[in-house]
Every structure is written in C-alpha cells, then in structure tokens.
Amino acid sequence: MPVAPRPYKLVCPKCGFTKIVRLESDALSGKDLLQLSVVCPRCGTAMNKEALNRFDRFMEKWFK
Ligand SMILES: [Zn+2]
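Below is a summary of the structure that appears in this document. Please read all numbers here as calculations on a predicted model, not as lab measurements.

### Details of the pairing of strand β1 (residues 8-11)
Alright, step 1. For β1 and strand β2 (residues 18-21), the ladder comprises four bridges, and the chain directions are antiparallel. Note that in β2 the partner of Val 11 across the bridge is Thr 18.
Alright, step 2. Counted along the chain from β1 to the antiparallel partner β2, the turn is six residues long, and its residue Gly 16 has a positive phi close to 85 degrees.
Alright, step 3. Here β1 pairs with strand β3 (residues 48-51) via four bridges, running antiparallel. In the strand pairing of β3, Val 11 is matched with Asn 48.

Shown next, in the form of structure tokens:
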C-alpha cells in the first residue's frame, strides 16, 4: 500500500501568504504537479515549500 506524502505548506517570502498542500497519493497527477510549482496568488512571487509545524497540523485538522 503506497503511503501518501505528508502535507506541507507553501509560504510566500514576500507577502506572507501561506497555503497548505495535501497530495492525495504518491502517484502525481497533473493537478498535483500544478500544486508543486505555484506562485503566490497575491503577488506572483515563487513560494517556498516548508514542513508543517504543530500549529499548522492543528489547523488542518479543524479546517478540512
Ligand atoms: Zn505573495
């Protein structure tokens, strides 16, 4: 059974916009690839990939 990759977040270094990315499986679809290379919807800056911290995990649990 393949294990789904852990979710991570994208953080814009310019304006602070963050987005949690949750891939549904380790088989990447076109939609997943789109999520892997995103620019900030607010300012168009390439966002950094970061691991989720405890607070993010808590938020994700409640805002699914
Ligand atoms: Zn931004």
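From this point, things continue past the structure.
### Concerning the sheet that holds β2
Alright, step 1. The strand order across the open sheet built from three strands is β2-β1-β3, with neighbouring strands paired in antiparallel fashion. Because the sheet does not close on itself, it has two edges, and the strands there are β2 and β3. Neighbour-to-neighbour, the strand axes of the sheet open up by a mean angle of 30 degrees, direction not taken into account.

### Re the environment of Met 47
Alright, step 1. Within the secondary structure layout, Met 47 lies in the loop between α1 (30-36) and β3.
Alright, step 2. Given 21 C-beta atoms within 10 Å, Met 47 falls into the buried group.
Alright, step 3. When the C-alpha positions of Met 47 and Lys 14 are compared, they lie 8.6 Å apart, and in sequence the two are 33 residues distant.
Alright, step 4. Setting aside residues up to four positions removed in sequence, Met 47 forms contacts with Leu 10, Val 11, Cys 12, Val 38, Val 39 and Cys 40.

### Some words on the environment of Lys 49
Alright, step 1. Mapping Lys 49 onto the fold places it in strand β3.
Alright, step 2. The class of Lys 49 is exposed, set by 11 C-beta atoms lying within 10 Å.
Alright, step 3. Sequence separation between Lys 49 and Cys 12 is 37 residues, and the spatial gap between their C-alpha atoms is 9.1 Å.
Alright, step 4. Each residue touching Lys 49, except ones within four places of it in the same chain, is listed here: Tyr 8 and Leu 10.

Criteria and thresholds
- Residues numbered from 1 in each chain as written.
- Predicted model: local features only at pLDDT ≥ 70, side-chain atom pairs only at ≥ 80, totals over all residues.
- Pairing = 2+ DSSP bridges.
- Helix = DSSP H or I, 4+ residues; strand = E, 2+ residues; numbered from the N terminus.
- Axes fitted to C-alpha atoms, helices over the stretch in contact; angles between N-to-C directions.
- Buried ≥ 20, exposed ≤ 12 C-beta atoms within 10 Å, placed from the backbone.
- Contact = placed C-beta atoms within 7 Å.

Interpretation note: all reported values are geometric properties and have no functional meaning in isolation.
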